Amino acid sequence: MSPLNKIAPKITNQNQLKQLHAQLIQNSLHHHNYWVAQLIHLCTRLHAPPRYTTWIFHSAHKPNVLVFTHMLKYHSKWGAKNEVFTLFDEMQKANIKPDYFVYPLLIKLSGKAGISFHAHLLKRNLDHDKYIKNAVMGFYGKCGPIEFARQLFDEMPERTTADWNSIISVYWNWGNEIQAKKLFDLVPEKNVITWTAMVSGFSRTKDLETARWYFDQMPGKSTVSWNAMISGYAQNGFAEEAIELFNEMMSVGFRPNETTWVAVVSSCSTRGDPVLAESLVKRMDKKGICPNYFVKTALLDMYAKCGNLEMARNIFDGLGVYRNSVTWNAMIAAYTRVGDLASALELFHRMPEKNVISWNSIIAGCSQNGESAVALELFKEMIANKDLKPDEVTLVSVLSACGHLGALELGNWVVKYITEDKMKLSISGYNSLIFMYSKCGSTRHARQIFQEMENRDVISYNTLITGFAAYGSGVEALELLSKMKEESIKPDRITYIGILTACSHSGLLIEGREVFESIKHPDIDHYACMVDLYSRVGKLDEAKRLIYSMPMQPHAGIYGSLLNASRVHKRIDHGEFAANKLFVLEPENSGNYVLLSNIYATAGRWEDVNRIRWLMKKKGVKKTTGWSRVEHGGKIHRFIVGDHAHKLSEDIYRVLAEMKKKMRVAGYIADESCVLRDVEEEEKEEMVGIHSEKLAVAFALLVSEPGSIIRVVKNLRICGDCHLAIKIISQLEHREVIVRDNNRFHSFKDGVCSCNDYW
DNA sequence: CTAGGGTTAG
C-alpha cells in the first residue's frame with residue numbers, strides 16, 4: 001500500500017486534492033481504477049467542479065464498477081440527471097453489470113420513470129436486495145402513491161431503525177403529521193436520526209414550539225440535530241432564535257459545519273443588519289472555514305440584503321462553475337430590490353436554466369418597480385414555455401401588474417387559469433384578486449372575492465376599502481371598518497388612509513372627522529386625507545387651519561389638495577397660498593403651474609395667466625405628459641399626447657376627427673382649453689396637442705364592440721377640457737367610459753359623470 | 001455505499 005493511502009482521508013479542501021492528484025501523476029498511479037475511484041469520491045465530498053471530475057474519470061483506461069459507481073454518485077449529488085443516465089448507458093455498453101449500489105441511485109433520480117425501473121428490477125429478480133427495496137420505497141415515498149411505500153415497509157420481515165426513519169420521513173414529505181407522529185411513537189429503538197426527523201418535520205409545518213419540544217427531549221444531539229433546529233428557526237423567519245441557538249450550540253462545544261453557517265448566515269439576511277453580517281464574517285474567518293458553494297450563496301444573499309451589492313456581485317462572479325439557479329435568482333432579486341431593473345434583466349436573459357423562481361423574481365421585480373407592462377410581457381413569455389407552471393407567487397405579481405395597468409382582460413384570464421387548475425389560493429392570493437378587480441374598476445367582483453374568502457387579514461380589508469375609496473363609496477368603506485372590528489382585525493394606518501379617502505371622495509365630512517379623531521397617533525398621511533376632505537367639501541378655511549395645526553411639516557400632497565379645491569371652489573386666495581408653497585416644494589412639477597394658471601383664467605385674470613406661463617419658462621419647467629392606456633385583446637396600448645406611433649394611428653385620428661365633427665354639430669368646442677385664450681400662437685401649438693385620453697378613447701371606439709365599456713387609465717391629473725371631451729363622447733356614443741385618474745375613478749355615461757366633486 | 005440538517009421569488 002502506498003503512503004498516499006494515509007493522506008486521502010485527511011484531505012479537507014480542493015487544493016489538497018489537487019496536490020494528491022499531482023503526486024499520483026508523478027507516481028503514474030492516476031490511471032489505476034482504485035485511485036480514480038478515490039479521487040472521484042473526494043471530488044464528491046469537496047464539491048469539485050464537473051469538468052475537473054470528468055477529467056479524472058476519463059484518465060481511467062478501463063473504468064470498473066467502483067469507478068462508475070463513484071462517478072454516478074458524483075453526478076447524482078449535483079442532480080445532473082442526464083449525466084447519470086448517460087453514464088448508466090455507457091456502463092451497460094462496457095458490459096459492466098450494475099450492482100446493488102447503482103440501482104438505488106438511479107431510482108432516486110428517475111422521477112416518474114421510477115415505475116419502469118421497478119418493473120425492470122422485478123423482471124430481473126433484483127428486488128429482494130435490502131438496499132434496492134429501500135430505494136424503491138423511497139421512490140414511492142417521493143412520487144406516490146404513498147401506500148405502495150407503506151406496503152413495502154409493512155412487508156419487511158424485520159425492520160431496522162433506518163427503515164422506521166425512512167417511512168417517517170416519507171410521511172413528513174407528504175405533510176402527514178399525524179401518521180409521522182403515530183409511527184414515531186411505535187419505533188422500538190429510536191436514535192438521533194429518528195428524533196431529528198421529528199424536529200425538521202415540525203419545523204416544516206411551521207410548528208416550531210413542538211419542534212423545539214422534540215429537540216429538547218432528544219437524548220443525544222448531533223451537529224445535524226442542531227442544524228435542523230437552527231434551520232427551522234431560520235427558514236420560518238425567526239432570525240433571533242436561530243442566532244441565539246447557534247450561540248448556545250457553540251457554548252456547549254459543538255462544532256458548526258457548513259450547513260450550520262448557511263442557516264446562521266441566512267438568518268442574518270433576514271435581519272438585513274450589516275453590523276451583524278460583518279461580525280459573522282469575522283467569526284467565520286477566525287474559524288478558518290472554507291465555505292462551500294451553499295455557504296457562498298447564502299453569503300451572497302446576506303450581502304445583498306444588508307445593502308452591499310458589490311460584495312454580493314463579487315461572490316456571484318467568483319462562484320464560476322458553482323453557479324446554479326439559486327445563485328442566479330439571488331443575484332437577480334438583489335438587483336430588483338434596489339430597483340436596478342436593467343442589471344436584473346440582463347442577468348435574467350443570460351441565465352442558462354430558468355426555473356419558476358427565476359421567472360417569479362423578475363416578474364415581481366418589474367411589477368414592484370413600476371414596470372407592470374414589462375412584467376406582463378414576461379409572464380406571457382413564461383406561459384408560452386410548456387415546461388413551466390406558474391404558481392401562486394407568479395399570479396400574485398401578475399394580478400398586481402394587471403391592477404396597476406387596468407388590464408382586466410388578462411386579469412380575468414388569470415382568474416380562469418386559477419379556476420381551471422383548481423389552484424388553492426392563500427390569503428395573499430385572494431388579496432391580489434381583490435386588488436386587481438378594484439384597480440380595474442370592478443368593485444362588484446372585488447367585493448365578491450372578499451365575501452368568498454374563509455379567512456381575511458388586515459390587507460384584505462385595506463385593499464377593498466381602498467377600492468371603495470377610489471370609487472367614492474364612502475358608506476361601504478365605513479361599513480367595512482365596523483365589520484373588521486367585529487372580526488377583531490385591528491385597523492392599521494393604511495386602513496385609516498383608505499377610510500378617510502373614501503369619506504373625502506364621497507363628501508362624508510362628519511363621519512370622516514369622527515374617524516380622524518379616533519386615530520390614536522395620526523401621521524402625516526392622515527392629516528393629508530383630512531385636509532383633502534375639508535378642501536373637497538369646500539371648507540377651505542378649515543383645511544388651511546388644519547394645515548397650520550399639524551405637528552409635522554406638510555408635504556406637497558397636502559398643498560396639492562388645497563390647490564385643486566381652490567380651483568373647483570374658485571378661491572384665488574387659497575390657490576395662491578397653496579401654489580406658492582408648492583413652487584418651493586416641487587418646483588419641477590408643471591401641474592401646479594397649470595392649475596394656478598387655470599384658476600386665474602377662470603377668473604379672467606389674463607395678466608396673471610401670462611405671468612405664470614412666464615414663470616414656468618423662466619424656471620425651465622417642462623409640461624409633462626403621462627401615458628394613457630387601454631387594454632384590448634389582452635394587450636396594453638398606450639398613448640401619449642400627439643402620438644402617432646400606434647400602427648392604427650391613421651384610423652385613430654380619423655375616428656377622432658369624426659368625433660370632433662359630431663361635437664361641433666352638437667355645439668361643443670372640443671379642443672381649445674379656456675386657458676389658451678390670449679396666449680401667443682407658438683405656445684398654443686405646444687399646449688393644445690391631442691390629449692392622450694382622447695387618443696385612447698378614439699382607439700377604444702375603433703376596436704371595441706358597440707355598447708361595451710371603455711376603460712382608460714391615466715395616473716396624472718386630467719385637464720378639464722379632456723373630461724369635457726370624454727363626457728361628450730360618452731353622450732354621443734351612448735357608451736360608458738371609465739377613466740382612472742390620480743387613482744380615482746370617473747365614470748361617464750350619456751354625458752353624466754358619476755363623480756360629483758370634479759366640476 | 002439505505003434514514004435526520006443547506007442557499008433563491010410574493
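So, a few notes on the structure that sits alongside this text. It should be emphasised that the depicted structure is a prediction, and the values quoted were computed from it without experimental measurement.

## Let's talk about the sheet that holds strand β4 (residues 736–741)
Moving on, step 1. Spatially, β2-β1-β3-β4-β5-β6 is the arrangement adopted by the six strands of the open sheet, whose pairing is mixed. The strands lining the two open edges of the sheet, one partner per strand, are β2 (635–639) and β6 (752–753).
Moving on, step 2. Relative to β2, strand β1 (residues 628–632) is paired through five bridges, and the arrangement is antiparallel. Note on β2: the bridge partner recorded for V630 is H637.
Moving on, step 3. Where helix α41 (residues 692–703) meets the sheet, it contacts β1, β2, β3 (710–714) and β4, and its direction lies at approximately 15° from that of β1.

## Let's talk about the environment of G141
Moving on, step 1. Looking at the element boundaries, G141 is found in helix α9 (residues 130–143).
Moving on, step 2. Along the backbone, G141 and Y171 are 30 residues apart, and their C-alpha atoms lie at a distance of 7.8 Å.
Moving on, step 3. Residue contacts for G141: discarding those within four places in its chain leaves A149, V170 and W174.

## Quick look at the pattern of salt bridges
Moving on, step 1. This structure, assessed with the given rule, holds 22 salt bridges.
Moving on, step 2. Two residues, R536 and D532, come together in a salt bridge whose shortest N-O distance is 2.9 Å. Residue R536 and its partner D532 are located together in helix α33 (residues 524–536), separated by four residues, close to a single helical turn.
Moving on, step 3. In this structure R536 comes out as partly exposed when scored by relative accessible area, which is 24%.
Moving on, step 4. You can call D532 buried: its relative accessible area is 13%.
Moving on, step 5. Overlapping salt bridges, with partners in common, bring together E576, R605, D608 and R611 in one network.

## Structural notes on helix α30 (residues 474–486)
Moving on, step 1. Taking 1.5 Å of rise per residue, the 13 residues of α30 would be expected to cover 18 Å, and the 19 Å separating its terminal C-alpha atoms lies within 8% of that figure.
Moving on, step 2. Contacts from the buried residues of α30 go to α28 (443–452), α29 (458–471), α31 (493–505) and α32 (509–518).
Moving on, step 3. Positive backbone phi, approximately 45°, marks S488, located one or two places after α30.

## Some words on the nonpolar core
Moving on, step 1. Ranked by internal contacts, the top residues of the largest apolar core, which has 207 residues, are L17 and M302.
Moving on, step 2. Membership of the second largest hydrophobic core comes to 24 residues, among which are F639, Y653, M663 and V697.

## Examining the protein's contact with DNA strand B
Moving on, step 1. Close to DNA strand B lie 42 residues; N134, S222, N227, N257 and N329 are nearest.
Moving on, step 2. Atoms of DNA strand B within 4 Å of the protein: sugar and phosphate make up 38%, bases the balance.
Moving on, step 3. Between DNA strand B and N360 there is a distance of 3.0 Å, counted from a base nitrogen to a side-chain nitrogen or oxygen.
Moving on, step 4. At 3.1 Å from a sugar or linking oxygen of DNA strand B is found a side-chain nitrogen or oxygen belonging to S361.
Moving on, step 5. Here the surface near DNA strand B takes six residues from helix α15 (residues 223–235), the largest share from any one element.
Moving on, step 6. Residues that form the surface near DNA strand B fall into these classes: 14 nonpolar, 20 polar and eight charged.

## Describing the pairing of β3
Moving on, step 1. Here β3 lies mainly inside the structure; four of its five residues are buried.
Moving on, step 2. As paired elements, β1 and β3 share two bridges and run antiparallel to each other. Within β3, the position partnered with S628 by the bridge is K714.

## Regarding the packing of aromatic side chains
Moving on, step 1. For the coordinates displayed, the defined rule picks out 28 aromatic pairs.
Moving on, step 2. Ring centres 6.0 Å apart and planes at 75° place the aromatic pair Y559 and F577 in the edge-to-face group. Taken as a pair, Y559 in helix α35 (residues 556–568) and F577 in helix α36 (residues 572–585) lie far apart in primary sequence, 18 residues in all.
Moving on, step 3. On the basis of relative accessibility, which here comes to 6%, the residue Y559 falls in the buried class.
Moving on, step 4. A relative accessible area of 14% places F577 in the buried class.
Moving on, step 5. One residue, R323, lies across the ring of F316, its end atom 4.7 Å from the ring centre.

Reading the values: rules and limits
- Numbering of residues starts from 1 in each chain and follows the order in which that chain's sequence is written.
- As they are written, the chains are lettered A onward and the ligands numbered 1 onward, keeping that order.
- At least 70 in pLDDT is required for a residue's local features to be given in this predicted model, at least 80 for side-chain atom pairs to be given and counted, and no such filter applies to totals for whole chains, interfaces and linings, which use all residues.
- As a rule here, side-chain values cover all heavy atoms of the structure and leave hydrogens and water aside.
- What makes two strands pair is DSSP finding at least two bridges between them.
- Counting from the N terminus, the helices are DSSP H or I runs at least four residues long and the strands are E runs at least two residues long.
- When checking whether two residues touch, look at their non-hydrogen atoms; a contact exists if any pair is within 4.5 Å.
- Here an axis means a line fitted to C-alpha atoms, over the contact stretch when the element is a helix, while the angle between two N-to-C directions is reported on a 0 to 180 degree scale.
- Think of a salt bridge as a Lys or Arg side-chain nitrogen and an Asp or Glu carboxyl oxygen that are within 4 Å of each other.
- A 1.4 Å probe rolled over the protein chains alone gives each residue an accessible area, and that area as a share of the maximum for its type sets the label: buried under 20%, exposed over 50%, partly exposed in between.
- By this rule the span expected of a helix is its residue count minus one, scaled by 1.5 Å.
- Nonpolar cores are built from buried Ala, Val, Leu, Ile, Met, Phe, Trp, Tyr and Cys residues. Side-chain atoms within 4.5 Å join them into one set.
- Whether a residue is near a molecule or strand depends on its heavy atoms: it is near if one of them lies within 4 Å of it.
- Identification of polar contacts relies on pairs of N or O atoms within 3.5 Å, with a donor-acceptor requirement for protein atoms, meaning one able to donate a hydrogen and the other able to accept it, and with residues adjacent in sequence counted only if both atoms are side-chain atoms.
- Asp, Glu, Lys and Arg are counted as charged, while Ala, Val, Leu, Ile, Met, Phe, Trp, Tyr, Cys and Pro are counted as nonpolar; the rest, among them Gly, fall into the polar class.
- Centres within 6.5 Å are what make two rings of Phe, Tyr or Trp a pair, Trp counting through its six-membered ring; a difference in plane orientation under 30 degrees is then read as stacked, over 60 as edge-to-face, and the rest as tilted.
- The criterion for a charge sitting over a ring is simple: Lys NZ or Arg CZ within 6 Å of the ring centre, and within 35 degrees of the ring normal.

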